[in-house]
Amino acid sequence: MKVLLWRLVMSQANTSLLDEVVQWSQETCRLELKSVLPKLTSLHHKSEGWDEHIRVLKIITDMFLPHVAQSDLENECFSKILPKAVTMFDSMIRDILIQVGGLSSQNTELCSLVRNVLKSMMQIIDALSSCVRHVGTYDEVPDLLAIRTLPTCILKVLRDTFQHCKESEVIYSGRLSLVADLLQGLFKEAYALQKGLLELLDKISLDSSASEEEVCDMVTVIHSLLDICSVISTLDMALHANTWKFLIKQSLKYQTLVEDHLHHNDISTSLCDNLLASFNNAVDLADQIKHAGLQEATHSTEHKLFQKRAKMCRFFANTLVHYIKEFKAFLTKSCRHFHQIYLQIVSKFPPSLCAPALPPVLYEELNVAALVPMDALLLQLLPLRSFAELVLQEDLYIPKEHELPQCLLLTNALNQLPSQPEEEVLPLWYAGSQSSEETPRLPLYQAVFTAFRRCYVERKVPVSLPGVMMKGQAQGQVSLHHHVCVCLCASVAVLPTQYFPVLERCLVEAVLQADSQTALLAADVWCFTARYGTAELCLHHVFLIAHLVKSCPSECYQSSHLGLLLRRMLFLMTPNHQMELLERFPSSKSENLPIWRHILLRALSNDARQRVELDVIALTQKALTDWQSGGHKLGQASKVNAVLQCLLVVVRGKPPLEEQCVSSASRIVTQLWSRMSPHQVQSHHVLKCTLQLLLSMTAVLVKNIEPQVIVRALTCVDAVVSRKCADQLLLVALEFLSSLGKVFIPPDSQSEILPRLSSLFSLLLSESSWLLHQHALEAFAQFAEITNHEEVISQSLCVEETKTKLVNYLSKAVNAQEGVVSRLERIKAEKSVIEQHIKSLETKTDVSRKLSSESAVHSEPQPKRARQESGADEEYSRYIQTAASALKALHALTEDKSGSKALHPPSWLASSLQELQVLLSEISAATSKN
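Just so you know, these numbers come straight off a predicted model, no measurement behind them. (Residues numbered from 1 in each chain as written. Predicted model: local features only at pLDDT ≥ 70, side-chain atom pairs only at ≥ 80, totals over all residues. Heavy atoms only, no water.)

### Things to note about the overall build of the chain
Convention followed: Per the convention used, a helix needs a DSSP run of H or I reaching at least four residues, while a strand needs a run of E reaching at least two, with both numbered from the N terminus. Burial classification: accessible surface area is computed with a 1.4 Å probe over protein chains only, and a residue below 20% of its type maximum counts as buried, one above 50% as exposed, and the rest as partly exposed. Any two residues having at least one pair of non-hydrogen atoms within 4.5 Å are treated as being in contact.
When helices and strands are counted, the chain shows 42 helices and 2 strands. Burial statistics for the chain: of 930 residues in total, 48% are counted as buried. Intrachain contacts of the chain at a sequence separation of at least 6 include 77% that bridge at least 24 residues.

Structure, rendered in structure tokens:
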């Protein structure tokens, strides 16, 4: 009872004091400040009711604060009244949350209560604004310590206010209209309060001598603003942008003071989230504009809102880049966010397959707002080891929709690396991890090939990127292969020499892997490297490739990839270096046949070409002789096939073969056909390989082949085609059948050849496989165009359906085209099948690993040495080998050990041989004298 009586007395005393004070003039307030202000602050602290609290707060801020000395602001006023104000503000929000459930237009008493609470909240904000305005009136800006409670408390109130406004639709549900006017006023008051506070804080300046408390206070302000940013992101774009501008400005203004204390990961992550949200909003708006057909209505509300979102997107992108530039040393843990934001934004632009179809005008605005800053973002990230380790992971998981963006990121890195410091950044990207202590990372070139390999779908559909402007021409669109190849080659052109061994290893690994298009890309880059460098470098590379080809099993995909590369590289060699290749890997030795079966004769100089032709023909004749003398055993047939592969290269060579070579090759083909048994061909795989080679050579030499040999060939083809055989053999058979159109069959042989030819064409034209059927149509059309035996054409087209298909083919009629969507879905389904096939190929053999390890031994170019004359032994040996090869070939023309008729020698041959005999006698005599 005594306590209640005492409270009543004190309440009456407080009321009388407040009633008296509100009557005072400003002068009286100034005179009574020292005695009354402590009483008022004490009264404010002890007040329990909201009305009394706000009344005291307003008296202090409106009547006494203007007279408080700057040095007394914090200790005598702010620290005593503002925390209580924040507490009361929190209690008001809690009370609304409790009462709002029963709010309705019929419950006028509760509605009035809630509205009065909101008005009280506005009064507290108004009192805080008075504090900010007063501090701003001082001629000299106070130190942060002099007002340290003010920003902290205001930012807390602002955060709670914005949060309440943001959640108002949920909080008030269908009753929002009852308080919407007050909420709008509350937001405006808070908006103005924040603007005033930021202007005040902007005037404050901390120098290098700032105390730890001041630094901590500024860090608290920055983090509080970051918290506010997370709340207002969807409330007001201008407020959001201005808050971020101030946050970043203060972070940079006091960089040396606060950088060790800031939550850099939170700031950068929030920037990434805001950038992505703004970008996605802009993309969604662009899509709405497209569907509404408003892309031309640039003054429409939707278009203006889109431009605002794009502007916000550009602001956040540029802000993120600037923040990374200044604080990159503290952002190692944020690299995953930076990587993801890059991939997510790039994935929304063509040529990404998941990019929305937007009008070009809108895409151009989005490009400026988001895509262009991504280049600047990557430039800032290149020096970060954690970023390099992340994107160069060998087993980095990349979602399917981000596989192309990852590839473009790596190629963009290739483009930007030349601008980076060599000693600091280049080893990080080009060299890969160098020790077990480092986090494993791939060399950049290997990562590019790996990323390109993953883009299977994008390589199959018309994915194109802006090309490079050439000779004043506008940029065109280029394929993904072209784009990546240009970036790789441009990088190689400026690559420091110490990284060439790494480049070579990456090229070897890429060429030896199972994906053919990735191997082709590596071959393109390798050829550029050889052509761009010195002739000696090209020779070194050819030696390396030849060594790998020789070490590789003939029947594997690695052999095919390496052979293609070797074939192209020979075109880049000088004639002297081609002869050096012949010296290092002589075509006269059978162990080097795996190398020479891949070359094109037209790539060689005349001297080199003639030498290869003679050597191969001599080796082939020797192999056949050995096979014959051994009783034509099947175990030796594979050796015959090895030389026949090289002989096929020779007979396909251009310019046309010399008459002697043609004659020799024709005799060899004729000799082999005499040994081919249809029954044995069907039973033994090695003989099917022999048949395949024979058909290819016969197709080239068909004009020099006797009719009885053609009959035997058709018999063998008929035997294998009538049963299921490999598609590759059928394709070669079609090549042979098509070539028969070039020759006129003598009347005495037509009854054996023409019916069989018609029957084979008819059978192959009815193939169900679309690939074989297409090749059959092509082969038959070529045959029909040049043949003199028109009866074969009519007899081959007995089936009306076949005739219709041929007519459609000749008229270039287009079948029903596959839709874009269905094609894309089919290719996506194909991808998993192809990947499984490639995986099975790579797990079946360790050839790639073996060859890659061997190439490492040869990857360093040999030291350059002064040119020296060849030793006597080497000179004599080379000329003797050339002479022996020529004589063996000549001997093969004049004698046939198989018993068939030899070619009739010309009349001048005997005298020429006599001259050679005299020359040999002179050489022998000179040798005996020495």
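On we go.
### Points about the packing of helix α12 (residues 264-292) against helix α14 (residues 335-346)
Threshold: Interaxial angle, 0 to 180 degrees, is taken between N-to-C directions of lines fitted to C-alpha atoms, where a helix line uses only the stretch in contact. Working definition: roughly parallel below 35 degrees, roughly antiparallel above 145 degrees, roughly perpendicular at 65 to 115 degrees, and oblique for all remaining angles. For this scheme, ten residues count as nonpolar: Ala, Val, Leu, Ile, Met, Phe, Trp, Tyr, Cys and Pro. Four count as charged, namely Asp, Glu, Lys and Arg, and the remainder, Gly too, count as polar.
Put simply, α12 and α14 touch, their axes get as near as 10 Å, and they point 10° apart. In terms of axis orientation, α12 runs roughly parallel to α14. Of α14, the residues touching α12 (which contributes Asn265, Ser268, Thr269, Cys272, Leu275, Leu276 and Phe279) are His337, Phe338, Ile341, Gln344 and Ile345. Looking at the contact of α12 with α14 residue by residue, the classes come out as 7 nonpolar, 5 polar and no charged.

### Focus: a nonpolar patch on the surface
Heads up, the condition is: Patches draw on residues past 30% relative accessible area with no salt bridge. Two like charges within 9 Å are joined, as are two nonpolar side chains (Val, Leu, Ile, Met, Phe, Trp, Tyr) within 5 Å. Note on areas: Shrake-Rupley, 1.4 Å probe, and residue coverage restricted to the protein chains presented here. We define a salt bridge as a contact between a side-chain nitrogen of Lys or Arg and a carboxyl oxygen of Asp or Glu at a distance within 4 Å.
A grouping of Leu887, Leu913, Leu916, Leu919, Leu920 and Ile923 is seen on the molecular surface, where their side chains present a nonpolar patch of about 530 Å² in accessible area. With respect to the secondary-structure elements, Leu919 resides in helix α42 (residues 909-929).

### Some words on the nonpolar core
The line we're drawing: We define the nonpolar core as a collection of buried residues of types Ala, Val, Leu, Ile, Met, Phe, Trp, Tyr and Cys that are connected through side-chain atoms lying within 4.5 Å of one another.
Core analysis: the biggest nonpolar cluster contains 301 residues, and Phe64 and Trp429 have the highest contact counts within it. For this core, the element with the most residues is helix α5 (residues 108-135), which contributes 14 residues. Among residues more than four places away in sequence, those in contact with Trp429 are Leu382, Phe387, Ala388, Val391, Leu392, Ala413, Leu417, Leu442, Pro443 and Leu444.

### Notes on the packing of aromatic side chains
The geometry of two aromatic rings is summed up by the distance between their centres and the angle between their planes. This is how it is decided: In this scheme Phe, Tyr and Trp rings, the latter by its six-membered ring, pair at centre separations within 6.5 Å, and the angle between planes marks the pair as stacked below 30 degrees, edge-to-face above 60, and tilted otherwise. Counting as a charge over the ring demands two things of the Lys NZ or Arg CZ atom: a distance within 6 Å of the ring centre and an angle within 35 degrees of the ring normal.
Inspection of the entire model under this criterion finds 15 aromatic pairs. Measuring from centroid to centroid gives 6.3 Å for Trp24 and Phe64, while their planes differ by 65°, and the two rings are edge-to-face. Of this pair, Trp24 sits in the loop between α1 (2-21) and α2 (26-46) while Phe64 sits in helix α3 (residues 50-64); the two residues are 40 residues apart in sequence, bridging distant segments of the chain. Considered together, Trp24 and Phe64 belong to a single accessibility category, that of buried residues. Their ring planes at 90° and their centres at 6.3 Å tell us that Trp244 and Phe316 sit as a pair that is edge-to-face. Of this pair, Trp244 sits in helix α10 (residues 237-253) while Phe316 is found in helix α13 (residues 301-327), placing the two residues 72 residues apart along the sequence. Like Phe316, Trp244 is buried. The residue whose ring lies beneath Arg459 is Phe452, and the NZ or CZ to ring-centre distance is 5.2 Å. Directly above the ring of Phe543 sits Arg584, whose terminal nitrogen or CZ lies 4.0 Å from the centroid.

### Quick notes on unusual backbone geometry
Look at the link from Pro350 to Pro351: it is a cis peptide, with omega at 10°. Counting through the fold element by element, Pro351 comes out in the loop between α14 and α15 (360-381). Residues other than glycine seldom take positive phi values, yet Ser173 does so here, at roughly 50°. Tracing the backbone shows Ser173 in the loop between α7 (168-172) and α8 (180-203). Here the phi dihedral of His632 falls at roughly 50°; this positive angle occurs in a residue that is not glycine. Counting through the fold element by element, His632 comes out in the loop between α28 (606-629) and α29 (637-651). Residue His632 is classed as partly exposed on the basis of its relative accessible area, which comes to 22%.

### With respect to the pattern of salt bridges
Counted under the stated rule, the structure contains 26 salt bridges. Between Lys831 and Glu403 there is a salt bridge; the shortest N-O distance is 2.6 Å. Taken as a pair, Lys831 in helix α39 (residues 820-844) and Glu403 in helix α17 (residues 403-416) lie far apart in primary sequence, 428 residues in all. The residues Lys831 and Glu403 share a single accessibility class, namely buried.

### Description of the confidence of the model for the chain
Selection rule: Confidence of the predictor at the level of single residues is given by pLDDT, which spans 0 to 100.
The pLDDT averaged across the chain works out to 85; a share of 89% of its residues lies at or above 70. Within the model, pLDDT remains below 50 along residues 856-870, and this stretch shows 12 contacts once partners closer than five positions in the same chain are excluded.

### Focus on α14
For the record, the criterion: By this rule the span expected of a helix is its residue count minus one, scaled by 1.5 Å.
The terminal C-alpha atoms of α14 lie 17 Å apart, and with 12 residues this matches the ideal 16 Å at 1.5 Å per residue to within 8%. Here α14 has its buried residues at Cys335, Phe338, His339, Ile341, Tyr342, Leu343, Ile345 and Val346. Among the structural elements, α12, α13, α15, α16 (385-391) and α17 are those in contact with the buried residues of α14.

### Digging into the environment of Asn318
Locating Asn318 in the fold gives a position in helix α13. According to the relative accessible area criterion, Asn318 is partly exposed, its value standing at 41%. Residues Asn318 and Ala376, spaced 58 residues apart in sequence, show a C-alpha to C-alpha distance of 8.5 Å.

### With respect to the packing of helix α23 (residues 516-532) against helix α24 (residues 535-551)
One way to put it is that α23 packs onto α24 with a least axis distance of 7 Å and a crossing angle of 140°. Between α23 and α24, the contacting residues are Trp526, Thr529 and Ala530 on the first element and Leu537, Cys538, His541, Leu544 and Ile545 on the second. By residue class, the composition of the contact of α23 with α24 is 6 nonpolar, 2 polar and no charged.

### What to know about the side chain of Ser91
Using the following cut-off: As used in this structure description, the phrase polar contact means that two N or O atoms lie within 3.5 Å; if the pair is within protein, one of them must be able to donate a hydrogen and the other to accept it, and residues adjacent in sequence are counted only when both atoms belong to side chains.
Of note, Ser91 is situated in helix α4 (residues 73-99). Since its relative accessible area comes to 18%, Ser91 is described here as buried. Reaching out from Ser91, the side chain makes a polar contact with the backbone oxygen of Met88 at a distance of 2.6 Å.

### Focus: the side chain of Ser251
Following the sequence through the fold, Ser251 ends up in helix α10. With near-sequence residues (within four places) excluded, Ser251 lies in contact with Ile222, Val258, Leu262 and Phe327.

### Brief notes about the environment of Ile827
Note on placement: Ile827 falls in helix α39. Exposure remark for Ile827: the relative accessible area of 2% places this residue in the buried category. Expressed as a C-alpha distance, the spacing of Ile827 and Tyr456, which sit 371 residues apart in the sequence, is 8.5 Å. Setting aside residues no more than four positions away along its own chain, Ile827 makes contact with Tyr456, Val457, Lys460 and Val461.

### Digging into the environment of Ala530
If you trace the backbone, Ala530 turns up in helix α23. Assessed through its relative accessible area of 3%, Ala530 is described here as buried. Considered as a pair, Ala530 and His541 are 11 residues apart in the sequence and their alpha carbons are 7.1 Å apart. The residues touching Ala530, leaving out its near neighbours within four places in the chain, are Cys538, His541, Met569 and Leu572.

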